[in-house]
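Structural description and commentary
Single-letter residue listing:
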Amino acid sequence: MLRQFLFSTASRRLVRPMIAPHRSASSSLDKTEFTTPSQIVDYDDPPHLPVPEYPLRPDEPLETRKQRLLYQSRKRGMLENDLLLSTFVAKHLRDFSAAQTAQYDELINGVSNDWDIFYWATETKPTPPQYDTEIMRMLKQHVKNEERVQRIRQPDL
């Protein structure tokens, strides 16, 4: 009987307040640990880690390229870019010319770090000149979300 009491939920409710320190409602959390830092700490990749070059596909048909970019925009590996790029592509990709499609391909596949794309699109870090294209300007405008569209999930295919 004693064993049943010791391992029961009722005993844990009785014993826990005695073991754990009691927090009063007046104690407040230090909110500085939960805020976004004022500076982004970003380290360069070490030189001994070679980044493979993305293979160019000059003979790829435009529609095939657009389908590939649609998939790649949805499967980035980080949710922030998945949401930003998939909604951007759903809105603009079908109207892209061949040159614009090539610029978008270079943007999402030429950069080795997806956080760079995110920081450039949100204008947290300056965009390097080779990626400051018409497509990047369109993406930055899309990220501003002036229409106040909810983007909490990827668009349907």
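Let us look at the structure shown here. (Residues numbered from 1 in each chain as written. Predicted model: local features only at pLDDT ≥ 70, side-chain atom pairs only at ≥ 80, totals over all residues. Heavy atoms only, no water.)

Taken N-terminus to C-terminus, the directions of helix 6 (residues 114-121) and helix 7 (residues 134-144) make an angle of 70°; their axes are 9 Å apart at the nearest point. By the criterion of interaxial angle, the relationship of helix 6 to helix 7 is roughly perpendicular. Facing Ile117, Trp120 and Ala121 of helix 6, the residues of helix 7 in contact are Met136, Leu139, Lys140 and Val143. Of the residues assigned to the contact of helix 6 with helix 7, the class counts are 6 nonpolar, no polar and 1 charged. (Axes fitted to C-alpha atoms, helices over the stretch in contact; angles between N-to-C directions. Helix = DSSP H or I, 4+ residues; strand = E, 2+ residues; numbered from the N terminus. Parallel < 35°, antiparallel > 145°, perpendicular 65-115°, else oblique. Contact = heavy atoms within 4.5 Å. Nonpolar A, V, L, I, M, F, W, Y, C, P; charged D, E, K, R; others polar.)

According to the stated counting rule, one finds 9 salt bridges in the structure shown. The partner of lysine 125 in a salt bridge is aspartate 116, and the shortest N-O contact between them spans 3.5 Å. Residue classification places lysine 125 among the partly exposed positions, given a relative accessible area of 21%. Classification of aspartate 116 by relative accessible area gives buried; the value is 16%. One continuous salt-bridge network, built from bridges that share partners, spans Glu60, Arg65, Arg68 and Asp105. (Salt bridge = Lys/Arg side-chain N within 4 Å of Asp/Glu carboxyl O. Buried < 20%, exposed > 50% of the residue type's maximum accessible area, 1.4 Å probe, protein only.)

On to helix 3 (residues 62-74), then. For helix 3, spanning 13 residues, the distance from its first C-alpha to its last is 19 Å, which sits close to the expected 18 Å at 1.5 Å a residue. All of the buried residues along helix 3 are Arg65, Lys66, Arg68, Leu69, Gln72, Ser73 and Arg74. Contact partners of the buried residues in helix 3: helix 4 (79-92) and helix 5 (98-110). (Expected span 1.5 Å × (residues − 1).)

The next thing to look at is the layout of surface pockets. Here the largest pocket is characterised by a volume of approximately 320 Å³. Contributing to the lining of the largest pocket are 16 residues, with Glu53, Tyr54, Glu106, Asn109 and Gly110 lying nearest its centre. Of all the secondary-structure elements, those providing two or more residues to the lining of the largest pocket are helix 3 and helix 5. Element by element, the count of residues in the lining of the largest pocket is highest for helix 5, at 5 residues. Considering only residue class, the lining of the largest pocket consists of 7 nonpolar, 3 polar and 6 charged. (1 Å grid on protein atoms, 1.4 Å probe; cavity = no way out; pocket = protein on both sides within 12 Å on 5 of 7 lines; lining within 4 Å. Points joined across faces, edges and corners; volume = space filled by probe spheres on them.)

Attention shifts here to the environment of glutamine 130. Tracing the sequence through the fold places glutamine 130 in the loop between helix 6 and helix 7. Residue glutamine 130 is classed as exposed on the basis of its relative accessible area of 54%. Considering only alpha carbons, one finds glutamine 130 and leucine 107, 23 residues apart in sequence, at a separation of 9.3 Å.

The values are spatial; any link to function lies outside them.
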